[in-house]
Amino acid sequence: TVLVTDSGLGGLSVLADLEAGLRAARGHRSVTLVFANALPDRARTYGEMATTDEQVATFDRALDGFVAAYRPDVVLVACNTLSVLYPLTRFAARGDVPVLGIVDAGAAALHARLRGEPGAAALLLGTPTTISSGAHARALAALGTPPGRIVGQACPALESEIQADPASDLVRSLVEAYAVEAREALARLSPRRVVAGLCCSHYGYARRAFEEALPAELGVPVDVVDPNAEISRSLLARVRAAAYPGTATRVEVVSRAELPAGEREAIAALLEARSPKSAAALRGYRRRPDLFDLPR
């Protein structure tokens, strides 16, 4: 059983990649994949919580609820904001279940690209919480990327607009506006190339907008790295291929908070070609108000 969690619907692309990849690898007789939304309710997002302590306590309760309900063999935190919070949780201190975080997977991929491009700079694009935490920059520096080659760009509200409609004109306009802001920060580095990390799990749904807007606004070639694909790849690399004639997969999407039909359909349409089971599970998600308790 593999459990994928996010504070929104961005991590569903990880679920879809895993379902398709595990089915193709045939490394297990059967696999249950669960996407568990860590959002407590639509009126109480992690970005709107008053303190980091509140964020950590809420995610800690969510993890406890997920494990009690599904007994996963591994948990993938497919959310950059939650990956930043995870080391601060009591759940992490106990170490009951193996956990893979998207920050480490993304940083490793970014560093690999930068290592072969001495004249390149890293551009980290993410939510204000993710960028202000400095987690990706610290992870890159720990791997050997010079801090002076790293620029962070917060993109307020972008993840919400992508979840509502990844192909909207508003999403494209926001990406262009944040690219202009990043250009000013990158100017002091005069990079010959930029390696851009999509450090929010939603951003991959709008990858084309980034691939078109960033080179146009920055004026240099841009390599776009999606950590969602990297965390999927890191788990699939551990599977012993062709151990069975086939792998039966079962997919479930569960959420404490309501998932509006329009948002579900917008994301399901993007998952359909890669993993029809994941798209169907999202469309028919199970709402569980008792999935986890909230901190006092």
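Preceding this section is the structure that the text describes.
This one's a predicted model, so the numbers in the text were calculated from it and none came from an experiment. Residues take numbers from 1 onward in each chain, read along the sequence in its written order. The predicted nature of this model means local features are confined to residues of pLDDT at least 70 and side-chain atom pairs, given and counted, to a pLDDT of 80 or more, with totals for whole chains, interfaces and linings taken over all residues. Heavy atoms throughout the structure, all of them, feed into the side-chain values; hydrogens and water do not.

Quick word on the overall build of the protein chain
The condition that has to hold: Where helices and strands are cited, they refer to DSSP runs of H or I of at least four residues and of E of at least two residues respectively, numbered from the N terminus. When we talk radius of gyration, it's over C-alpha atoms, and the globule rule is simply 2.2 Å times the number of residues to the 0.38. By definition, residues are in contact when any of their heavy atoms lie within 4.5 Å. Here the Shrake-Rupley method, with its probe set to 1.4 Å, supplies the accessible areas, and only the displayed protein chains count as covering residues. We count Lys and Arg on the positive side and Asp and Glu on the negative side, and we leave His and both chain ends out. Think of each charge as sitting on NZ of Lys, CZ of Arg, CG of Asp or CD of Glu.
When helices and strands are counted, the protein chain shows 13 helices and ten strands. Over its C-alpha trace the protein chain gives a radius of gyration of 19 Å, about what one expects of a compact globule, namely 19 Å for 296 residues. With the C-alpha coordinates of the protein chain rotated into their principal frame, the extents come out at 50 × 50 × 40 Å. A separation of at least 24 residues holds for 81% of the contacts in the protein chain among residues at least 6 apart in sequence. Approximately 12,500 Å² of the protein chain is accessible, and the part contributed by carbon and sulfur atoms is 50%. Within the protein chain, one finds 33 positive and 33 negative side-chain charges whose respective centroids are separated by 7 Å.

Let's talk about helix H9 (residues 169–186)
The condition is simple: A helix is expected to span 1.5 Å multiplied by its residue count minus one. The rule is simple: take the accessible area with a 1.4 Å probe, protein chains only, and divide by the maximum for that residue type; under 20% is buried, over 50% is exposed, in between is partly exposed. What the arc measures is the spread of directions leading from the helix axis to the C-beta atoms.
In a regular helix each residue adds 1.5 Å, so 18 residues correspond to 26 Å; H9 covers 25 Å between its end C-alpha atoms and thus fits that length. Of all the positions in H9, only Val171, Leu174, Val175, Tyr178, Ala179, Ala182 and Leu186 are classed as buried. End-on, the buried residues of H9 take up no more than an arc of 140 degrees, which puts them together on one face. Those residues of H9 that are exposed and angled more than 90 degrees off the buried face are Asp169 and Glu184.

Quick notes on the sheet that holds strand E2 (residues 30–37)
We apply this condition: Paired strands, as defined in this entry, are two strands with at least two bridges between them according to DSSP.
The sheet built from six strands is open, its strands ordered E4-E3-E1-E2-E9-E10 with parallel pairing. Strands with a single pairing partner mark the edges of an open sheet, and in this sheet they are strand E4 (99–101) and strand E10 (286–287). Of the pairings in the sheet, the one linking strand E1 (residues 2–6) to strand E3 (residues 74–77) comprises four bridges and is parallel in character. Along E3, the bridge assignment pairs Val2 with Val74.

Notes on the pattern of salt bridges
The condition is simple: Every case where a carboxyl oxygen of Asp or Glu lies within 4 Å of a side-chain nitrogen of Lys or Arg is listed as a salt bridge.
If you walk through the whole model with that rule in mind, you get 20 salt bridges. In this structure, Asp64 and Arg94 form a salt bridge, with 2.8 Å as the shortest nitrogen-oxygen distance. In this pair, Asp64 is assigned in helix H2 (residues 52–70) and Arg94 in helix H4 (residues 90–94), connecting sequence segments 30 residues apart. The partner of Arg172 in a salt bridge is Glu212, and the shortest N-O contact between them spans 2.6 Å. Of this pair, Arg172 sits in helix H9 while Glu212 sits in helix H10 (residues 207–218); the two residues are 40 residues apart in sequence, bridging distant segments of the chain.

By themselves, these figures tell us nothing about what the structure is for.
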